[in-house]
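# Fold and geometry: a report
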Amino acid sequence: MTDAVADDPTWGQIIWGQFRRRKLAYASMWGVFGLFLIAVYSPIFISNKPFVWNAGEGIESPWLMTLFNRSTYENAIDIFFNSLLFPGTALVLPAAWLWRASAVLPGRSRVARRRRIAGAVVGIWLACLLGILAFPVQTSPVNHPRVEDRLTAAGTPPLAIYPPIPYSYADTDVKLSSQGPSLGHWLGTDAAGSDVFARMVFGTRVSLTVGLFAVAIYITIGTLVGAVAGYFGGRTDAVLMRIVEVVICIPSLFLILSVAAFITERSIFHIMFIIAAVAWTGPARLVRAEFMRMRDLDFVSAAKASGFSRTSIIFEEILPNALGPVLVSATFGVASAILVESTMSFLGLGDITVPSWGQILAAGRNDNSWVLILAPGLAIFLTVSLLNLLGEGLRDALDPKLRG
Amino acid sequence: MKRLLQSGFGVALLALLVVVGLINTAQLHNLESHVAALEAGGLRVAGTPAAPPAAATGSVGEKAGEICTLSAADEEALNDPANLLVPFRYPENWPASIARGGTLKRQIASEPPGLNLIASNNSADISELYKYITSRIGYQDPTNPDAISPDLALKVTKSEDGLTYDVWLRKGVVWQTPAVDLNDPRHAWLQAPHPLVASDFAFALELIQNPQVVGRAASLRTYFEAWKPIEVVDDHHFRIRVAEDLYTNLPQVFDLEPMPRWLYRFDEDGHPFDDATWGDKQNTHWYNQKGIGLGAYRFVEWQEGVRLTFERNPTYHATKCMPANFDRVEINVMKDQQAWLRNLKTHQLDYTQIMPQQFNAEIRGKLPYLGEEGLKLAIHDEASYYYIGWNATRPLFADKRVRKALTLAFDRAGLVESVFAGLGEVTSGPFDQRNPCYDASIAPLPYDLEAAKALLLEAGWKDTDGDGVLDQVINGKRTPFEFTLVIYGGSTEYETLARVYREALLEIGVKMTAQPLEWAAQLKKTAERDFDAYTGAWVPGWEIDLHQLWHSSQADKPESSNYVSFRSPEGDRIAEALRREFDPEKRTALCHAFHKLIADEQPYTFFYQRKRPMLYWDHMNDPVFAKLNPHRDARLLSFATRPE
Amino acid sequence: MLQYAVKRTLWMVPTFFLISLVVFALINLAPGNPGQAGGLENVGSGAAVQSKSVIIFKRQFNLDKPVLVNTRFAMTRGDVRGLVATANALGSTPTPAQRIAAKNDLEDGGQYLVRHLVALLDDADPAMAQLAAQYLTSAASLALVSETAGDPDAARLENRRREAFNQSFTGWACPGELAATPCLTDARRHWQGWWTEHHAAYEYTPAESAWVFLTDTRFAKYWYNLVHLDFGISAIDREPVLAKVLRKLKYSISLSLTAILLAYLVAVPVGVYSAVKSGSRSDTVLTVVLFLLYSLPTFFTGTVLLRLFSQGTPFAWFPVGRFETLPQDPTTLGWLVDVAWHLVLPVCTSASVALAALSRYARTGVIDVIRADYIRTARAKGLEEPVVILKHAVRNGMIPILTLLGGILPVLVSGSVVIEVVFTIPGMGSFLVESITSRDYNSVMAVLLASAVLTLVGILISDLSYALVDPRINLD
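Note that the structure is predicted; figures quoted are calculated from it, not measured. (Residues numbered from 1 in each chain as written. Chains lettered and ligands numbered in written order. Predicted model: local features only at pLDDT ≥ 70, side-chain atom pairs only at ≥ 80, totals over all residues. Heavy atoms only, no water.)

Contact residues are listed per partner, giving 59 residues for chain B and 61 residues for chain C. For the chain B and chain C pair, buried surface summed over both sides reaches about 5,300 Å², with 53% attributable to carbon and sulfur atoms. There are four salt bridges connecting chain B and chain C. For Arg160(C), the salt bridge identified is with Asp274(B), shortest N-O distance 2.5 Å. Across the chain B-chain C interface, the total number found is 13 residue pairs in polar contact (both at pLDDT 80 or more). (Contact = heavy atoms within 4.5 Å. Buried area = accessible area lost by both parts, 1.4 Å probe. Salt bridge = Lys/Arg side-chain N within 4 Å of Asp/Glu carboxyl O. Polar contact = N/O pair within 3.5 Å; in protein donor to acceptor, adjacent residues only side chain to side chain.)

What follows is about the state of the cysteines. Residues and elements named next belong to chain B. With the rule as written, the count across this model stands at one disulfide over all chains. Put simply, Cys-437 and Cys-591 are joined by a disulfide, and their sulfur atoms are 2.0 Å apart. Here Cys-437, found in the loop between strand S13 (424-426) and helix H14 (449-458), pairs with Cys-591, found in helix H19 (residues 584-601); they are 154 residues apart in sequence, far enough to count as distant. For Cys-591, a relative accessible area of 0% gives the class buried. (Disulfide = S-S within 2.5 Å. Helix = DSSP H or I, 4+ residues; strand = E, 2+ residues; numbered from the N terminus. Buried < 20%, exposed > 50% of the residue type's maximum accessible area, 1.4 Å probe, protein only.)

Here we take up a nonpolar patch on the surface. A contiguous nonpolar patch, built from Leu29(C), Leu68(C), Val69(C), Phe213(C) and Leu214(C) and spanning about 430 Å² of accessible area, is present on the exposed surface. As for its placement among the helices and strands, Val69(C) is situated in the loop between helix H2 (48-60) and helix H3 (77-87). (Patch = residues over 30% accessible without salt bridge, like charges linked within 9 Å, V, L, I, M, F, W, Y side chains within 5 Å. Areas by Shrake-Rupley, 256 points an atom, 1.4 Å probe, with all protein chains shown as cover.)

Right, let's talk about the packing of helix H12 (residues 281-294) of chain C against helix H14 (residues 332-370) of chain C for a bit. All names here are of chain C. Two elements in contact, H12 and H14, have axes separated by 7 Å at closest approach and are oriented at 140°. In this structure, the crossing between H12 and H14 has a hand that is left-handed. Residue-level contacts link Asp-283, Thr-287, Leu-290, Phe-291, Leu-293 and Tyr-294 of H12 to Ser-352, Val-353, Leu-355, Ala-356, Ser-359, Arg-360 and Arg-363 of H14. (Axes fitted to C-alpha atoms, helices over the stretch in contact; angles between N-to-C directions. Left-handed = near helix turned anticlockwise from the far one by under 90°.)

Residue and element names in this part refer to chain B. Taken in spatial order, the four strands make up an open sheet running S4-S5-S7-S6, and their pairing is antiparallel. Two strands lie at the open edges of the sheet, namely strand S4 (153-158) and strand S6 (231-234), each paired on one side alone. Each adjacent strand pair in this sheet contributes to an overall mean axis angle of 20°, direction not counted. (Pairing = 2+ DSSP bridges.)

Quick look at the structure:
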């Protein structure tokens, strides 16, 4: 986006230009990005681990040291976002500089350079993430605020610098249960005495993860099925479309609830898979239609004539051209996956070990607490709206009829 | 990633009774119905009534000078020294004045699965609704469960060898008219009045023992299994024969409720069922969605999703002692418990129970007026206790020091005070705290993380690898102290409880994962002993029998109730002695010894005994709460002044 | 056209079969023991009389059958011996889970176990022989047939015969404490005599095996009943589930239909207005507002409306949930008013979601038409603008949005799970949630299949109506 002047605009640049003109959608994109930043950087603002800690045994940084500690961040979702926070940020900054620096290069080599930069960033980060996941670290979980209280009572207060909100979403304190909003707890506490604001912010991570991963899974499945059905047509198509039809005919929320209820030990990952298992038919139909339309076009015939393999025709020639509508439906898909997940949590069919917005809302309904109803409700509303507006803008940008 | 996934899954567990109440509407139904299953069939075990109170020989029902027995012959039967029934007395706190008539409006959280007392599925609702329309052999004094006075029977005696019970019925007791249109020629066969006869009891036992009958019969069956068929001596006298002389026989005798043979053995047109398949027919009997009985109220209609209606039974036999205080009783189906308080305030209800969160949010600290002039609050005990069960067959929990440490780390008082709105009493043993069996001198363990750590260390648990989780070499393998706690699915209170407990455990180096499970899944896990720990609850019943829950013979038997595989030779001895001990003082001594043993062994972490708040308008008299099923008996409620 | 309709309708049959297969497999293969759900709670000990009930219960719901294929005819004597040994902890110490699994297998095996159990009567271990005699009484017993379907008199006769058959061998088993040799000798004699008479019924030729493989399964039985329009009975109250589902449909449809009507009533004028003012500031604002409305989760809207307007914080204008209060002896009008009063909040919640989508369709429809030639002609003829819009543009622009109605049919049933739960309306959605929690398989199946049928019909109607309205659509 820094410079699209020198060369002829590519298809992507045209779409981007169209998209930028839709102010609301453009703003929504930044909104979604903001949510993503909140999800990634929440530990900087909310954590019960001090950045700096000195209890007389030297200066240490429990905050940094526990970023990948399973005793502190038990859930894979947190580990994932923390990896974006730490090696992620460290990688993106130099990469951004290199990216910018490459602007002076001429067209072709600039693109190649930028591809390499992006590849390196993703590669290094993925390697870090896999390493972290493969070798989990656990240490004795020190509850620093409590240690601090003890030391202070003993007359030797430690040096401790905390993030602005010194709680974790898992902290509980029954003496402080069900408090209203206050300076210490911006949104008050829930029945367990946990800080609601902390739970809300970390809930962003849960929602975004469910949305992105569920959609990634089902877009992959759906695209494959649709591509195969659309490219080969005939009997393959008939069989695959029959399956699609069957899945479509079962009302999806009914199916999701039934399946979720019958899985007795469900985690947030099950929920992603269940959502994906029901939703893949949408992209499958889209991609199939695009393939049907395109398989007889000239460029495909040309590719066939030049002896390209089937796989490369499907994946390298046709698929990239069919991805526009898929991208749009994916954006709406993220929104609806977030809605489905929160609905399931609301109905008590979610994963209770993660702070999900739907679950907070269910607790609010139970405890008769306005804060616990409004905060998660508005958060879901905001996230879903932003995604829907973004998807809407993308759709319009991709629609040649609306190009002005 | 794999590890992460695993932490999401976990092992699991189960629970026998359920846990608590509240929650989302759908869950409540389940929950309460399991509590009821226990109350109705589960752990009830009883004893002979204690020696009759001092006034036994005097006249009866002193209040207002009413005499409940009817004739001289009746009086004579009642005064037979062999009679196990004691004269009727009004419960303590019986209101001084009662305004009879009017309509009582109350609510129920879910609809019953049917209204056939034996063939419909068990649920809280059916036992509760049936209190309105049934009568039993004897009337159990609500405030003194040991005293049983005449109801359908005037006299019950027990033979020398303890194997035979004779029951003499009151004469002139008539079944209620069925709730059908008697003018419809199809139902003309039901027109004649039907007196209660001894064979109705024989029929009830046949129903329970016929394996074709499912529903509630299936859970009752275990308790009546050892009974031989009832011998009908004449229309008003029958004989029950049991296999063994046990303390629990008598309460079982009083639990048998008659069933109208003249109704349930026939199809809608009055044709009798085949002998071969009549049991099967009960499951889908045409009258199963309606109720019938001999009690103070008569079933009128059931409007699905709206309400059940009862009216004063015109043929009720005990009108003089425990009459119906209302002309009508309307039981509104209100699945959303948040709605109860509001419907109370708008006078759609005369009284209601309040759930802990709502109590916390809207009532606690706002006494005495609650924002509405004329609303009153009463808090009563419930007989159930809640606990966490530890699977003793798992190496983690084999050591009683470990179990004690886990109890010490569980902030029971803090949770009761916050999450459960102070509506309960932390408890230390497997009995109702009001039962003489409960030894009040045994205090619950305190909440003390340091002591818990010390006990775990003593039991050999140390964090040797610095991962924050204690470990120990078990069977040659280094095992970290990690376990899964099964909690009741859909209960926000239990989710909260799990979060609080989990954090405390983490501090002493124990890693716990909570797994919410629906009832069916929990039952499967407990039955298969496939769990580490689970949250559960029992309604221990008034007449204590320890066999089912605590005897080692039940430990390995799949599907028996000793889920935690508790084994103690001393415990077995006490359990067996208690079954055959009839002397109240010796029984209490045995119970106390057992309580001490349990407190030392900690097979369960005992949590609390629940209390529940009830709100009512001041046009009602202060309610008399029965000790066992506080809300079950509409005869204990009355208006002080008739509502508008 | 007719041919197309018939063809499409016929296609629904195999699709429905596949749907039922998929749903059935999903539900029945999921973990969880149906024998324990649906009310048969084995609270007490696993006593013999109890277990007899469990067998009867399972047979009643075909829960004793394998889900999709039956291979029990291939069991060997060694298998059965192993099961008996495991279930009773003979000579080994199985875990409770293994014991329960073995016990279930023995309960479910039924007729397929008979020949092996007869052989086991001569087992060297007397305990095994005695247990074999015990299991024989339940394995050989015949399940009763349903007397509600088909010819009741014939069924009654058949049941008498079966019960007499079952009675004929009660008492041949030796209960635990009587396992002395004379009793066992008697049992052997009885059973072996019985076996010579009946053995033919318990031995399987390859053809019979193949038949059993496919037909003696839960799914085959379910489908057999389904073809006879028998959806089974609920495990909770033993009412036929079809009747229950139809009753619940009443609530769901009243709710959804009202919501849809309301949504149309609001959406069409809003859409037309937006289209006419297309591009203006008010159009933009309307579009964005409707769009935001679309993003509101229903459980949030519902909860908030309920609190705001029902629970007295701050208003108590509407009743809290439920479908009706039914005052005593209501008039029809009184009843209608009562229901309407209860439905205001749920209908608003439900309509808010449909509103956005519908008004967008209306807007696009009208915009497309406004650009069309005949509208220009109409204008050119000098007709007044409102006449042009209302008479020509709106009428034609509404066609696409009306064809949507067909697709709305399934929404009537499934769209309202959350709303029904939040407002405690006893419709299909809350019925499904309750049935799921209580593992009432027949009810869950019936709800899912009923909504699948509605979806199929909805898709058909919407395709057909679209084809009818738009001649450009090629039906082949």
